[in-house]
Amino acid sequence: MVTEVTESTFDNFVSSNKVAVVDCWAPWCGPCRRMGPIIDEIAEELAGKVAVGKLNTDENQGIAMKYNINAIPTILIFKDGKLVDSPVGLRPKEDLIEIITSV
Amino acid sequence: MEVDVAVIGCGPAGIQAAMHASRKKTSVVVMGRIQSSAIHGCRLDNYLGTGKTEGSAILEEGRAQAESTGARFLGQNVIAAAGTGNGFDLTVEDGTEYHAKAVVLATGISRKKLGIPGEKELFGKGVSYCAVCDCNFYKGRKAVIVGNDSEAATSAEMMTSYASETSWVTWETVADRSLVAKAEKAGVRIYGSKPESITGTDRVEALVLEDGTSIPTDGVFIELGAKSSADLAMDLGAMPEIDDTLKVGRDMSTGVPGLFACGDITGRPWQVAKAVGEGCVAGTSAADFAKGAK
């Protein structure tokens, strides 16, 4: 399951999960639309181990600025509440799973 | 303007599709530029019965064949596309709108990288390949658009609504004149030299041109060529694979009713022989679909 994350729920989502992954996207972004189904599959495959959320950067620009996001899709990966990686751009599911599970 | 079949792409796949669709007595328009085909400027020696042949000669002869059965070549790229559920709306560079019952996507695979120092290293740190996606992050910051086609001109004009300063680097401009004028009117600063490198360590600081000019900037948006095949496919309702190819059936159908694909966009081998065979099937299927939809 992918959780819809907003500026008001972001901190809680990150701090209450050992590993939290946030897909930063926007509706008019083609690569983001292609990333959507991949993120859904990752959430299903890593269920119970990793919390997966998605954040609309258009509606939550404060988070985008805080994490210095310049391009989407950007995947923010947190471990124990700390940002450990932030891959940018459309990537295959296997690559992302490897990045996420190796943190 | 109403048409039965719109072919997007002017390479061997698109031209062959146009030939077969127009032979089935449907009205056919072909969008794109022959000069943009991957075989334009190449010499072929592995296509049946032609010996060593210039790619441009095959394309020009093919266009004449397709025109002889009524296909119209517009010589313009698509700048906007949408699936309506009842056909497809397509806008070309001079603003003309077409409504097509069926579409054949034969755009090839996008080759969008500049291949200059700093491009790969600074991707996501100021380098972007999608102005529409990322313009929002450049409010009040400086942006440079790089590219020669109408897509770059449109992106530059759009960026002026976000960035404090928008520059456009275009060294072999083929963008439609009216779109260039719009960008200029919106306040875009135009540079005419080819990019040489992107500088910066943790983030983009400047784009350096071959003539020595250094343009200080926060973002470099690389918008080479026409609208990307993947974006076009999505606008028309199809979802590309991760490598930008489209899955097709035996009749070159994409799963979206009325949308067919052929050539490099359906995957390897990237060969004229394969493109032409698929173009034949796609053009025939699109014409059959359009006739059924009449």
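Now for a description of the structure that goes with this document.

What counts, and where the lines are drawn
- Here the residue numbers are simple positions, counted from 1 along each chain's written sequence.
- Chain letters and ligand numbers both follow the written order, the letters beginning at A and the numbers at 1.
- Owing to the predicted nature of the model, reporting of local features is limited to residues with pLDDT of at least 70; listing and counting of side-chain atom pairs is limited to 80 or more, with chain, interface and lining totals taken over all residues.
- Think of the side-chain values as coming from all heavy atoms in the structure, minus any hydrogens and water.
- In this description, a disulfide is simply a cysteine sulfur pair whose atoms lie within 2.5 Å.
- Relative accessibility decides the category of a residue: with a 1.4 Å probe and only protein chains considered, values under 20% of the type maximum give buried, values over 50% give exposed, and everything between is partly exposed.
- Axis angles are defined between N-to-C directions and span 0 to 180 degrees, where every axis is a line fitted to C-alpha atoms and, for a helix, only to the segment in contact.
- Strands are runs of DSSP state E lasting at least 2 residues, helices are runs of H or I lasting at least 4, and numbering of each runs from the N terminus.
- Put simply, angles under 35 degrees are roughly parallel, angles over 145 are roughly antiparallel, angles from 65 to 115 are roughly perpendicular, and the rest are oblique.
- With the far helix as reference, a near helix turned anticlockwise by less than a right angle produces a left-handed crossing, and one turned clockwise produces a right-handed crossing.
- Residue contacts follow a heavy-atom distance rule, with two residues in contact if any of their heavy atoms lie within 4.5 Å.
- Charged residues are taken to be Asp, Glu, Lys and Arg, nonpolar residues to be Ala, Val, Leu, Ile, Met, Phe, Trp, Tyr, Cys and Pro, and polar residues to be all remaining types, Gly included.
- DSSP calls a pair of strands paired once it identifies at least 2 bridges connecting them.

**Some points on the state of the cysteines**
Two cysteines, two sulfur atoms, one covalent bond between them: this is a disulfide.
Part 1 of the reasoning: With the rule as written, the count across this model stands at 2 disulfides over all chains.
Part 2 of the reasoning: The residue that forms a disulfide with cysteine 29 of chain A is cysteine 32 of chain A, at a sulfur-sulfur distance of 2.3 Å. Across the S-S bond linking cysteine 29 of chain A and cysteine 32 of chain A, the dihedral sits near 80°, which makes this disulfide right-handed. Taken as a pair, cysteine 29 of chain A and cysteine 32 of chain A share a single burial class, namely buried.
Part 3 of the reasoning: Note on cysteine connectivity: cysteine 130 of chain B is disulfide-linked to cysteine 133 of chain B, with sulfurs 2.2 Å apart. Between cysteine 130 of chain B and cysteine 133 of chain B, the S-S torsion sits near 70°, and that sign places the bridge as right-handed.
Part 4 of the reasoning: Of all cysteine sulfurs, the one in cysteine 32 of chain A lies closest to cysteine 24 of chain A, which takes part in no disulfide; the gap is 9.2 Å.
Part 5 of the reasoning: Cysteine 24 of chain A gets classed as buried once you look at its relative accessible area, which sits at 0%.
Part 6 of the reasoning: Free of any disulfide, cysteine 42 of chain B has its nearest neighbouring cysteine sulfur in cysteine 10 of chain B, separated by 16 Å.
Part 7 of the reasoning: A relative accessible area of 34% places cysteine 42 of chain B in the partly exposed class.

**Section: the packing of helix α4 (residues 150-159) of chain B against helix α5 (residues 177-185) of chain B**
Residue and element names in this part refer to chain B.
Part 1 of the reasoning: Look at α4 against α5: their axes get within 8 Å of each other, and the N-to-C directions meet at 20°. Considered as vectors, α4 and α5 are oriented roughly parallel to each other. Once α4 is placed against α5, the crossing between them reads as left-handed. Residues Ser150, Ala153, Thr154 and Glu157 of α4 touch α5, and the partners they reach there are Leu179, Val180, Lys182 and Ala183.
Part 2 of the reasoning: Its residues assigned to classes, the contact of α4 with α5 comprises 4 nonpolar, 2 polar and 2 charged.

**Details of the sheet that holds strand β5 (residues 82-85) of chain A**
Residues and elements named next belong to chain A.
Part 1 of the reasoning: Pairing in this open sheet of 5 strands is mixed, and the strands run β1-β3-β2-β4-β5 from one edge to the other. Edge positions in the sheet fall to β1 (2-5) and β5, since each of these pairs with one other strand and no more. Direction aside, the axes of adjacent strands within the sheet are offset by 35° on average.
Part 2 of the reasoning: Relative to strand β3 (residues 51-56), strand β2 (residues 19-25) runs parallel, the two being bridged by 6 bridges. Bridging from a neighbouring strand, alanine 20 pairs with alanine 51 of β3.

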